[in-house]
Amino acid sequence: MQSEARTLMKELREDHRNMRIVLQLLDDAVNEASSGKDPDFELIEEIMRYVTVYPDAVHHPKEDVVYKELRERRPDLAGGLDDVPADHDEIAALGSALRDDVEAINAGAAVRRNKLIEDASGYVNRLRSHMAWEERDLFKRIDTMLDEEPQEFDVTKFEHIKDPVFELEVEAGFRRLLSSLKRDNSPAS
Ligand SMILES: [Fe+2]
Ligand SMILES: [Fe+2]
């Protein structure tokens with residue numbers, strides 16, 4: 001099944017908005033850990049599980065489809081794009097390393113606090129700058145291509161996979177993450 005390209009781009013931008021919210025929670029946890037407090041390690045574990053089951057498994061592969069179309073149809077707009085799949089792989093690898101750290105902590109293993117802080121802040125910065133590059137530059141090139149010629153992209157492989165936190169039915173494994181989002185979005189008392 002083909003997906004109308006503009007709808008897909010809207011979904012990718014929405015994913016970024018959601019990822020930014022989750023990265024802010026991770027950043028807050030890193031700041032807590034840096035100031036000597038114990039962050040909510042279970043929350044960090046849920047965040048890292050989230051990024052591996054949705055952004056890494058769905059969002060980035062969909063983008064890879066979009067960028068491949070751009071390279072094939074509009075090589076004139078595709079400069080510097082060859083590195084993107086490797087970028088996605090690197091982000092996924094950093095994310096799994098961090099997920100392993102925090103799973104080990106939650107299982108009772110001694111992981112150096114500094115290593116966790118370093119890995120987590122490296123991850124936050126890496127993913128934030130990747131998304132900023134896409135929004136500032138790559139997504140706009142896709143928009144230019146679509147302005148000139150509306151298209152459909154085949155993302156069938158990923159279409160049935162729902163975002164487990166932000167789409168309607170929240171999966172049981174992400175309750176802590178969801179309640180943090182609700183807490184952060186509620187008016188200050
Ligand atoms: Fe990306
Ligand atoms: Fe992205």
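What you see is a predicted model; the values in this text were computed from it and never measured.

Chemist: Looking at this structure, I do not really get the overall build of the protein. What am I missing?
Modeler: A count of helical and extended segments in the protein gives 7 helices and 2 strands. Relative to the compact-globule value of 16 Å for 189 residues, the protein shows a C-alpha radius of gyration of 18 Å, a close match. Along the longest, intermediate and shortest principal axes, the C-alpha atoms of the protein span 55 × 35 × 30 Å. Counting over 189 residues, the protein shows a buried share of 44%. Long-range pairs, those at least 24 residues apart, make up 81% of the contacts in the protein with a sequence separation of at least 6. With an accessible surface of roughly 9900 Å², the protein has 50% of that area assigned to carbon and sulfur atoms. The positive charge centre, built from 27 side chains, and the negative charge centre, built from 43, are 3 Å apart in the protein.

Chemist: Whenever I open this one, helix α5 (residues 113-148) confuses me. Can you help?
Modeler: In an α-helix there are 3.6 residues to a turn, and that puts residues three or four apart on one side. Over its 36 residues, α5 extends 51 Å from the first C-alpha to the last, a length consistent with the 52 Å expected when each residue adds 1.5 Å. The largest bend in α5 amounts to roughly 45° and is located at E135.

Chemist: I'm lost on the packing of aromatic side chains in this one. Help?
Modeler: Any two aromatic rings considered together are summarised by their centre-to-centre distance and by the angle between their planes. Tallying each qualifying case throughout the model produces 2 aromatic pairs. With a centroid separation of 6.0 Å and 65° between ring planes, the pair formed by Y50 and F166 is classed as edge-to-face. Here Y50, found in helix α2 (residues 41-53), pairs with F166, found in the loop between α6 (156-159) and α7 (175-185); they are 116 residues apart in sequence, far enough to count as distant. Joined through ring pairs, the aromatic side chains of Y50, Y54 and F166 make up one cluster.

Chemist: For this particular structure, what's the right way to read the side chain of T52?
Modeler: Relative to the helices and strands, T52 resides in helix α2. There is a polar contact of 2.9 Å between the side chain of T52 and the backbone oxygen of R49. Apart from residues lying up to four places away in sequence, T52 is in contact with A57 and R99.

Quick notes on the rules
Residues numbered from 1 in each chain as written. Chains lettered and ligands numbered in written order. Predicted model: local features only at pLDDT ≥ 70, side-chain atom pairs only at ≥ 80, totals over all residues. Heavy atoms only, no water. Helix = DSSP H or I, 4+ residues; strand = E, 2+ residues; numbered from the N terminus. Rg over C-alpha atoms; globule rule 2.2 N^0.38 Å. Buried < 20%, exposed > 50% of the residue type's maximum accessible area, 1.4 Å probe, protein only. Contact = heavy atoms within 4.5 Å. Areas by Shrake-Rupley, 256 points an atom, 1.4 Å probe, with all protein chains shown as cover. Lys, Arg positive; Asp, Glu negative; His and termini not counted. Charge placed at Lys NZ, Arg CZ, Asp CG, Glu CD. Expected span 1.5 Å × (residues − 1). Bend = angle between axes of the 7 residues up to and from the residue. Phe/Tyr/Trp six-rings, centres within 6.5 Å; stacked < 30°, edge-to-face > 60°. Polar contact = N/O pair within 3.5 Å; in protein donor to acceptor, adjacent residues only side chain to side chain.

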